[in-house]
Amino acid sequence: MTQIKKLPDPEKVKLTVERLRASNQQLEAVTLALDELIGMVEADIRHSPLTAHRLGKYKRLLSEESVKE
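Parameters at a glance
- The numbering scheme is per chain: residues are counted from 1 as the chain's sequence reads.
- Side-chain atom pairs in this predicted model are given and counted only at pLDDT of 80 or more, local residue features only at pLDDT of at least 70, and totals for whole chains, interfaces and linings cover all residues.
- Hydrogens are left out, water is left out, and the side-chain values use all remaining heavy atoms of the structure.
- Helix and strand assignments come from DSSP, with helices taken as H or I runs of at least 4 residues and strands as E runs of at least 2, each series counted from the N terminus.
- For every residue, the accessible area obtained with a 1.4 Å probe (protein chains only) is divided by the maximum for its type, and the residue is called buried under 20%, exposed over 50%, and partly exposed between those limits.
- Each accessible area is a Shrake-Rupley result for a 1.4 Å probe, and residues are judged covered by the shown protein chains and nothing else.
- To count toward a patch, a residue needs a relative accessible area above 30% and no salt bridge. Like charges then connect within 9 Å, nonpolar side chains (Val, Leu, Ile, Met, Phe, Trp, Tyr) within 5 Å.
- Whenever Lys or Arg places a side-chain nitrogen within 4 Å of a carboxyl oxygen from Asp or Glu, that contact is recorded as a salt bridge.

### Looking at the overall build of the protein
Consideration 1: Within the protein, the secondary structure is distributed over two helices and zero strands.
Consideration 2: Reported as C-alpha extents along the three principal axes, the dimensions of the protein are approximately 80 × 35 × 10 Å.
Consideration 3: Counting every position in the protein, which comprises 69 residues, the buried fraction comes to 0%.
Consideration 4: Counting only carbon and sulfur atoms, one obtains 61% of the accessible surface of the protein, whose full area is about 7,200 Å².

What follows is the structure, given as structure tokens:
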């Protein structure tokens, strides 16, 4: 009725841990690369003429609304 649980093979555990660590390192490297890419895209957006135009338009709208009040 009560099953005796076996301990896993230590070699298999060691191999699994090594694989998990390697996978974790790969994921961290990909995350770092994506963070750098996001930073580059955000910098590009900030320096975009379209962004400057939209910010200017937004500021004009805000100043017009503050004059109305």
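### Description of the environment of Ile38
Consideration 1: Note that Ile38 resides in helix α1 (residues 10–46).
Consideration 2: Along the sequence, Ile38 and Tyr58 sit 20 residues apart, while their C-alpha atoms lie 24 Å from each other.

### Notes on a nonpolar patch on the surface
Consideration 1: Together, Val30, Leu34, Leu37, Ile38, Met40, Val41 and Ile45 make up an exposed nonpolar region whose accessible area comes to about 650 Å².
Consideration 2: Following the sequence through the fold, Val30 ends up in helix α1.
Consideration 3: A residue is classified by how much of its surface remains accessible, and Val30, at 49% relative accessible area, is partly exposed.

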